[in-house]
Structure formats: structure tokens, C-alpha cells
Amino acid sequence: MNRYEAKQQRRRDRLEQRAARIETEGASTHARARAMADAIPFGQPILIGHHSEKRDRNYRAKIVGTFRKAFELNDQAKALQARASAVGSAGVSSDDPDALAKLQAKLEKLEGRQALMRDANAAIRSGDHDELGRLGFSPSEIAGLLTPDYLGRIGFPDYALKNNGAEIRRLRKRVAHLEAAAAAETKTVELPGGIRIVENVEANRLQIFFPGKPDDATRARLKAHSFRWAPSEGAWQRHLGNGARWAAYSALGIAHP
């Protein structure tokens, strides 16, 4: 597990721990609501006009509110658990130090798939069904490829090759971008007042360091330009990129060089 994957695991653990705490709180709240409801004899109506009417209505409303709170806590726990399960499932992040190798492996797999689909379609067009076996397709897969779809088409449909080709082109661009980033070096720009703008290639962040705490107006501009305070780095930062470079100077009220 590399540093990025360990960070993802810590985030997943935090979300799961929060979900567990809220789930426990929800169960406790639900049990309290049940106990409150059990205090009212089954079928006992509100005694209209009796001196206990107001107190009884308030008590019953409190029971309903407690049940509602329990259900809300249960929903929150489920949402947090879903977020925990989704951590790391959105594909390969550029923050991952192994991102380039992972994307190259994924790209190689997709390119192999594209070539296989083209070869299979060529064999089907030529009527050489034995070639499908030599390409590695099982008898059941060959039968599926030779079964016409609702439009009478056989083999791999055009949209499958087009979609796979589009994903290949997208990944090639990402690989090229990461290769260029890997060749880049961390750069630091010193500004008046002890402010530093750092293009941290390793962390994939553009960071702004101040000699002290920025004033309220500066912090507001930083947040408006998507910069967030990172205590572990002692810097205001956002993902590295051309937009971040422009945003840094804009947030500081300085013309971009």
C-alpha cells in the first residue's frame, strides 16, 4: 500500500467509524422512543378537556420527534457507509503516486481488447469461425458472437469499438499529462511580504504559504478561488494545474506574470 492508498484507507476508516457511532446513537434513540411509547397504555386516547390533555399531547409529540430523530440518524449512518464504500472506487486518481503505472496497465488492457474485437469481427466477416477459437474465445462466447442481435448484427457492435476507442484516447491524454508532470520539478515563486507560491509536483498541489495568518479578506478570496487550508502542509492549496496558477495570483490580487 503506497502513501496515497494508505491515505484513502484512513479516510475510509474515518467514515466507517462515524457511521458506526451514528448507527449506535440511532439505535439508542429508537430504543428511547419505544420506551416512551410503552409508557402510554395501548389504545389510551387523549382525554379532551382533561387537565392532562396539553401534557399528553406534548409527550406524544416528543415520542414522534424522537422516532423521527432515530430514523434520520439511521439514514445518516447509511449515507456515511455508502461514502466509505465509494472511497477509491472512482478510478485512478492523479494524486496516486502509482497513477501512471496503473493508467498505462489499464490502457494496455483496453488496447488489447480493441485489437481482439477488430480481429474477431474480421474473422466473422471472412467466415473463418475457427479463427475465433484461436483468438481465445470459448464455444459459448463464439455462439454469442454469431447470434444476431435485434437488428440482425453479429460480432462486436460498432458502438462497443467506438466507446472503447474513446476511452483509449482519453487514457492516452491522461498518461501524456502524467508523464509531463513526472518530468516537471517543484517550482517556488517568492512574492513580496514573505508569501510563496509553490508548485508541489509530488503532492500534485499548488500551495500558497504565508508568513502568518492571512487577514479575513484574503482568506475569503482564497476560499472563493477553491483554495483550502491544509494544516498538515501549513499552506493554502488546491490541485495543481493552469487554472490553479491563475487562481493563486487572482486570489492574492497580483497580475499573473
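See the structure printed just above.
None of these values were measured; they are calculated from a predicted model. By convention here, each chain's residues receive numbers from 1 onward along its written sequence. Only residues with pLDDT of at least 70 get local features here, since the model is predicted, and only at 80 or more are side-chain atom pairs given and counted; chain-wide, interface and lining totals rely on the full set of residues. In computing side-chain properties, one takes all heavy atoms of the structure into account and sets aside hydrogens as well as water.

Student: Hey, could you run me through the nonpolar core in this one?
Tutor: Soluble, globular proteins show a tendency: their nonpolar side chains are buried together. One finds I197, L206, I208, F210, L222, F227 and L252 to be the most contacted residues of the largest nonpolar core, which totals 15 residues. At the level of secondary structure, the elements contributing two or more residues to this core comprise strand 2 (195–200), strand 3 (205–209) and helix 8 (242–252). The dominant element in this core, judged by the number of residues it contributes, is helix 8, at 6 residues. Definition of nonpolar core: a set of buried residues of the types Ala, Val, Leu, Ile, Met, Phe, Trp, Tyr and Cys, connected through side-chain atoms within 4.5 Å. For each residue, the accessible area found with a 1.4 Å probe, counting protein chains only, is set against the maximum for its type, and the residue is called buried under 20%, exposed over 50%, and partly exposed in between. Numbered from the N terminus, helices here are DSSP runs of H or I no shorter than four residues, and strands are runs of E no shorter than two.

Student: Would you mind going over the environment of R174 with me for this structure?
Tutor: Position of R174 among the secondary structure elements: in helix 6 (residues 158–183). Distance from R174 to Q104, taken between C-alpha atoms, is 9.5 Å for residues 70 residues apart in sequence.

Student: Can you walk me through the sheet that holds strand 4 (residues 228–230) in this structure?
Tutor: Strands belonging to one sheet form pairs held by backbone hydrogen bonds; the direction of such a pair is parallel or antiparallel. DSSP bridges decide pairing: two strands pair if at least two such bridges lie between them. Pairing is antiparallel across the open sheet formed by 5 strands, whose spatial order is 1-2-3-5-4. Edge positions in the sheet fall to strand 1 (187–191) and strand 4, since each of these pairs with one other strand and no more. When strand polarity is set aside, the average angle formed by the axes of neighbouring strands in this sheet is 25°. Pairing of strand 3 with strand 5 (residues 235–239) involves 4 bridges; the strand directions are antiparallel. Bridge assignment links Q207 to a residue of strand 5, and that residue is Q237. Here, axes are lines fitted to C-alpha atoms. For helices the fit covers the stretch in contact, and angles between N-to-C directions go from 0 to 180 degrees.

Student: How should I be thinking about the pattern of salt bridges in this particular structure?
Tutor: For side chains bearing opposite charge, pairing can occur when the charged atoms are close. In what follows, salt bridge is the name for a side-chain nitrogen of Lys or Arg lying within 4 Å of a carboxyl oxygen of Asp or Glu. Counted according to the given criterion, the structure contains 9 salt bridges. In this structure, R57 engages E53 in a salt bridge whose closest nitrogen and oxygen atoms are separated by 3.1 Å. Pair noted here: R57 and E53 are both in helix 2 (residues 53–86), with a separation of 4 residues, about one helical turn. Taken together, the shared-partner salt bridges connect D128, E131 and R134 into one network.

Student: Please explain helix 8 as it appears in this structure.
Tutor: One turn of the α-helix equals 3.6 residues, which is why residues spaced by three or four share an orientation. Turning to helix 8, its buried residues are A244, A247, A248, Y249, A251 and L252. Only heavy atoms enter the contact rule, under which two residues are in contact if any of them lie within 4.5 Å. Its buried side turned inward, helix 8 meets strand 1, strand 2, strand 3, helix 7 (216–224) and strand 5. Looking one or two residues beyond helix 8, the residue adopting positive phi is G253, at roughly 70°.

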